[in-house]
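# A structural walkthrough
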Amino acid sequence: MKKLIFILFAFVMMGGAAMAQDATMMAGTVYRKAFENERVRMLRVKFKVGEITAPHSHPDYLLYIVEGGKFLSSNEEGVATLIELLPGDYLWVPAEKHSLKNVGTTTITGIAVELKEPPAAAPAK
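Okay, so let's go over this structure. All figures in this text were calculated on a predicted structure; none of them were measured in a lab. (Residues numbered from 1 in each chain as written. Predicted model: local features only at pLDDT ≥ 70, side-chain atom pairs only at ≥ 80, totals over all residues. Heavy atoms only, no water.)

### Description of the environment of Gly 88
Note on placement: Gly 88 falls in the loop between β6 (80-85) and β7 (90-93). On the basis of relative accessible area, Gly 88 is assigned to the partly exposed category, the value being 32%. (Helix = DSSP H or I, 4+ residues; strand = E, 2+ residues; numbered from the N terminus. Buried < 20%, exposed > 50% of the residue type's maximum accessible area, 1.4 Å probe, protein only.)

### Comments concerning the pairing of strand β4 (residues 61-67)
Regular strands show a simple pattern: their side chains alternate between the two faces of the sheet. The pairing of β4 with β7 spans 4 bridges and is classified as antiparallel. Among the inter-strand pairings, Leu 63 is bridged to a residue of β7, identified as Leu 91. Examined bridge by bridge, β4 and strand β9 (residues 108-115) share 6 bridges and lie antiparallel to one another. Across the sheet, the residue bridging to Tyr 64 is Ile 111, located in β9. (Pairing = 2+ DSSP bridges.)

### Looking at the environment of Val 30
Checked against the element boundaries, Val 30 lands in the loop between α2 (23-26) and β1 (31-36). Classification of Val 30 as buried rests on a relative accessible area of 2%. The spatial distance from the C-alpha of Val 30 to the C-alpha of Glu 51 is 8.6 Å, given a sequence separation of 21 residues. Once residues lying within four places of it in the same chain are set aside, the contact partners of Val 30 are Arg 44, Val 45, Lys 46, Phe 47, Glu 51 and Thr 53. (Contact = heavy atoms within 4.5 Å.)

Laid out in structure tokens, this is it:
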């Protein structure tokens, strides 16, 4: 019985840790869910000047920029990249974990569409 309780506790804790990386939970002031079904999740992005996010993760996603600006994106190793985006820009981003800081003078707004499906297998050669 004690083993079963421990296994259930470990399962719940691991599940909570995985969910804790979700962008809407870790950076809820920046990412708001707009739509979700079994294949995709669409997030509204509103990233204010000077705002910093906690580390969070995304599956593969497409990002469309409505209002551009500059931000620093820091990966899991702490390497920061300065990114400047203009209105109408779009990016395909492979699954990643990062934290962000808006270092520009404008609020960045956009739409992120996250895929729930695993990446397609590379074609056989």
